[in-house]
Amino acid sequence: MATQELEHCDTADAVLAYARSQRAARDAAEVAMYEATCTWAAMHTTFDPARGAVLPGTDLQIAIAGPGAPSVSEFAIVEYGTAIGLSADAAVGYVAHVVEIRYRLPRLHGAVVAGRVPVWRARRIAEATLALPAEAAEWVDRHLAGVAATCSYAALARLVEEALCRFDPETAEDNRAKAAEDRRLDIHLDTATRGGACIDGTADITGCLDLADALDLENAVAREARNLALAGSDQPLDVRRSQALGVLARTQTTLDLTSTEARDGDEDAAPRVPARQVVLNIHLTDTALAGTDPTTCRMSADPFAPSAGLHLARIEETRSFVTTDQLCEWLRVPGTHVSYRTITGGGLDPEAYEHPFRATQPGNTEHLDTKPTGEVTADDIRRFASAPDLRPHPCRPLDLAEEITTPGYTPTDRLAEQTRQRHPRCVFPHCTRRARRRRPDEAHADLDHITTYDPDGPPGQTTTANLATLCRRHHRAKTHTAWTYRPTPTGFIWTSPHRYQYLVEPRGTTDLGRPPPSPPTRPV
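Owing to the predicted nature of the structure, the values given are computational and were not obtained by experimental measurement.

Criteria and thresholds
Residues numbered from 1 in each chain as written. Predicted model: local features only at pLDDT ≥ 70, side-chain atom pairs only at ≥ 80, totals over all residues. Heavy atoms only, no water. Pairing = 2+ DSSP bridges. Helix = DSSP H or I, 4+ residues; strand = E, 2+ residues; numbered from the N terminus. Axes fitted to C-alpha atoms, helices over the stretch in contact; angles between N-to-C directions. Salt bridge = Lys/Arg side-chain N within 4 Å of Asp/Glu carboxyl O. Buried < 20%, exposed > 50% of the residue type's maximum accessible area, 1.4 Å probe, protein only. pLDDT = per-residue confidence, 0-100. Contact = heavy atoms within 4.5 Å. Core = buried A, V, L, I, M, F, W, Y, C linked by side-chain atoms within 4.5 Å. Expected span 1.5 Å × (residues − 1).

A.B. asks: What is the right way to look at the sheet that holds strand β17 (residues 492-495) in this model?
C.D. replies: Strand pairs in the sheet, formed through backbone hydrogen bonds, run parallel or antiparallel to each other. In spatial order, the strands read β16-β17-β18-β19; together these four strands make up an open sheet with antiparallel pairing. The sheet is open, and its two borders are formed by β16 (484-487) and β19 (508-513), each paired with just one other strand. Neighbouring strand axes in the sheet, compared pairwise and without regard to direction, differ in orientation by 20 degrees on average. With four bridges joining them, β17 and strand β18 (residues 501-505) adopt antiparallel strand pairing. Along β18, the bridge assignment pairs I493 with L503.

Here it is as structure tokens:
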């Protein structure tokens with residue numbers, strides 16, 4: 001049943017204002033409930049483990065949060081859950097999250113009380129940190145301090161996994177070893193003869209692969225599916241992908257007509273595509289340029305300072321990370337094609353610095369007989385890159401602060417790459433879609449002219465300062481509706497069709513509300 005206020009909302013503007021006020025009231029009520037739970041838990045908590053040794057069947061002090069958090073009275077949780085309409089299990093989960101936030105994530109607690117982070121999002125973060133050691137939970141709390149309100153679940157999972165690698169590498173390595181043991185590939189031939197499915201002539205395939213192998217397989221399947229389409233197949237993409245796997249299987253049992261010997265007599269033959277292609281974007285930060293080894297640094301007051309732990313490398317296709325040892329293992333696969341690009345910011349000349357993955361200098365063969373042992377160092381990585389079977393190929397370095405301009409409407413490849421590196425995600429409020437495609441059959445995000453391109457205008461409208469990345473949906477909204485945006489020193493300010501404004505920065509989106517109306521101008 002509509003409230004009296006809503007019944008008087010006879011315009012779209014009034015309905016939006018009413019909905020926003022109700023959302024604010026809901027959020028305030030959630031914070032009030034959270035604070036009440038904190039107070040209740042504090043009245044029934046203890047850090048003394050001896051208090052848990054009571055007679056069987058009586059009240060217990062149960063540890064419901066991570067290491068370092070106090071125990072809570074079991075009966076107190078039951079009473080509180082009943083009072084607020086929760087079952088016993090639901091009440092334990094809710095109080096556990098509150099205790100985890102209050103005692104192990106103090107920065108997140110302050111953001112929740114201040115209303116900057118919704119309670120439901122804070123609970124999701126607490127659920128992810130329950131199993132972490134105390135120092136790992138504190139590390140996650142510091143890194144989430146500024147982005148907790150907008151951090152995606154996938155980014156949270158990666159941050160928690162990284163904390164585990166840094167502060168409990170033994171457990172992380174055990175988890176990786178267990179996952180490796182679970183790899184399998186099942187071709188369910190029994191489904192082809194069960195339940196009359198033999199008439200269909202199909203079979204199911206399931207498996208769990210090494211991440212690098214899975215990326216290689218995805219690229220190969222997408223390439224063969226595209227080749228089938230070019231060859232005239234009118235089947236849907238999913239059907240062509242299933243056919244592509246069969247093509248890949250059959251080519252392994254036939255003569256390789258794309259080898260060097262087979263192409264000697266055919267100048268038009270296409271070169272064989274390397275089985276594994278790796279592009280390394282090497283970002284030269286102040287720490288890297290100073291020659292600092294992150295593995296020798298210790299935790300400091302700076303929440304973003306490097307710390308001891310495992311060497312990690314980021315994977316763009318999945319936005320996940322792997323250890324440097326795993327990366328080097330993938331690079332050792334024969335036939336791997338490695339391309340690398342040095343990226344700097346602040347106007348630094350990227351060509352003035354030595355590439356970690358540089359091409360082998362002529363006559364430099366002293367490293368070929370040296371085998372790396374133990375921990376992977378920078379010299380080891382250089383030896384890997386200089387190995388003949390890796391064939392490293394440098395790409396032109398890229399400076400993110402350089403102003404690149406093209407006279408036409410379409411950005412050049414170099415300008416497009418710079419824009420996607422400067423804005424790796426869609427710059428629309430609250431959007432987290434990536435600017436670069438994740439699979440070969442996907443498209444990159446659109447490159448949008450911030451100030452609308454004028455075909456009759458002066459040249460130089462397509463430039464670094466006038467380009468940003470937008471996913472297709474938000475690009476269409478900006479093009480066909482009254483959404484507008486303008487750059488700021490730290491990001492972009494968007495204005496909605498109803499004049500609500502949002503500040504989009506690398507760490508998230510801030511709702512600025514509606515600006516005050518401009519005073520009417522009067523003629524002199």
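After that view of the structure, there is still more to cover.
A.B. asks: Just to check I follow, could you spell out the pattern of salt bridges for this structure?
C.D. replies: In a structure, side chains of opposite charge can pair up when their charged atoms sit close to one another. In the structure shown here, the tally under the stated rule is 15 salt bridges. One salt bridge connects R436 with E417, and the closest N-O pair in it is separated by 2.7 Å. Of this pair, R436 sits in the loop between α16 (413-422) and β13 (446-449) while E417 is found in helix α16, placing the two residues 19 residues apart along the sequence. No difference in accessibility class separates R436 from E417, as the two residues are buried. The partner of R472 in a salt bridge is D446, with the nearest N and O atoms 2.5 Å apart. Of this pair, R472 sits in helix α17 (residues 472-480) while D446 sits in strand β13; the two residues are 26 residues apart in sequence, bridging distant segments of the chain. For D446, a relative accessible area of 13% corresponds to the buried category.

A.B. asks: Help me understand unusual backbone geometry in this model?
C.D. replies: Positive phi is not limited to glycine here, since H430 has a value of about 70 degrees. Within the secondary structure, H430 is located in the loop between α16 and β13. When its relative accessible area of 57% is taken as the criterion, H430 is described as exposed. In this model, R499 sits at a positive phi of 70 degrees, which is unusual for a non-glycine residue. Take R499: it is sitting in the loop between β17 and β18.

A.B. asks: In this structure, what is going on with the confidence of the model for the protein? I would like to understand it.
C.D. replies: In low-pLDDT segments, the atomic positions of the prediction should not be examined closely. In this model, the protein carries an average pLDDT of 76, and 68% of its residues clear a pLDDT of 70 or more. Mean pLDDT values for the elements of the protein range from 44 in helix α13 (residues 286-289) up to 94 in strand β15 (residues 467-470). Confidence over residues 286-310 falls short of pLDDT 50; this stretch has 33 contacts with residues more than four positions distant or in other chains. Confidence drops under a pLDDT of 50 for residues 352-378, and excluding neighbours within four residues, the segment shows 40 contacts in the predicted structure.

A.B. asks: Any chance you could explain the nonpolar core here in plain terms?
C.D. replies: Burial of nonpolar side chains together is a common tendency in soluble globular proteins. Counting residues in hydrophobic clusters, the biggest one holds 30 residues, and the most contacted among them are Y34, L108 and L144. Among the secondary structure elements, those contributing two or more residues to this core are α2 (12-43), α4 (88-104), α5 (106-113), α6 (119-129), α7 (134-143) and α8 (153-167). Looking at which element gives the most residues to this core, the answer is α8, with six residues. Sequence-distant contacts of L144, defined by excluding residues within four places in its chain, comprise I125, C151, L156 and L159. Within the second largest apolar cluster, 15 residues are counted, among which are C426, F428, C431 and A468.

A.B. asks: Help me understand the sheet that holds strand β3 (residues 71-73), please; the structure alone is not making it clear to me.
C.D. replies: Strand order in this open sheet of three strands is β1-β3-β2, and the pairing throughout is antiparallel. Each of the sheet's edge strands pairs with one partner strand only, and the pair in question is β1 (45-46) and β2 (61-62). Across two bridges, β2 lies against β3 in antiparallel orientation. Bridge assignment links Q61 to a residue of β3, and that residue is S73.

A.B. asks: Help me out: how do you make sense of α4 in this one?
C.D. replies: In an α-helix, one turn spans 3.6 residues, which is why side chains three or four residues apart end up on the same side. Across its 17 residues, α4 extends 23 Å between first and last C-alpha, which sits within 8% of the 24 Å expected from 1.5 Å per residue. Within α4, burial applies to A91, Y94, V95, A96, H97, V98, V99, E100, I101 and R104. Buried residues belonging to α4 abut α2, β3, α3 (74-83), α5, α6 and α7.

A.B. asks: What exactly am I supposed to notice about α7 here?
C.D. replies: Buried residues dominate α7, accounting for seven of its ten residues. Residues of α7 that are buried include every one of A136, A137, W139, V140, D141, R142 and H143, and no others. Summarising the contacts, the buried residues of α7 are in contact with α4, α5, α6 and α8.

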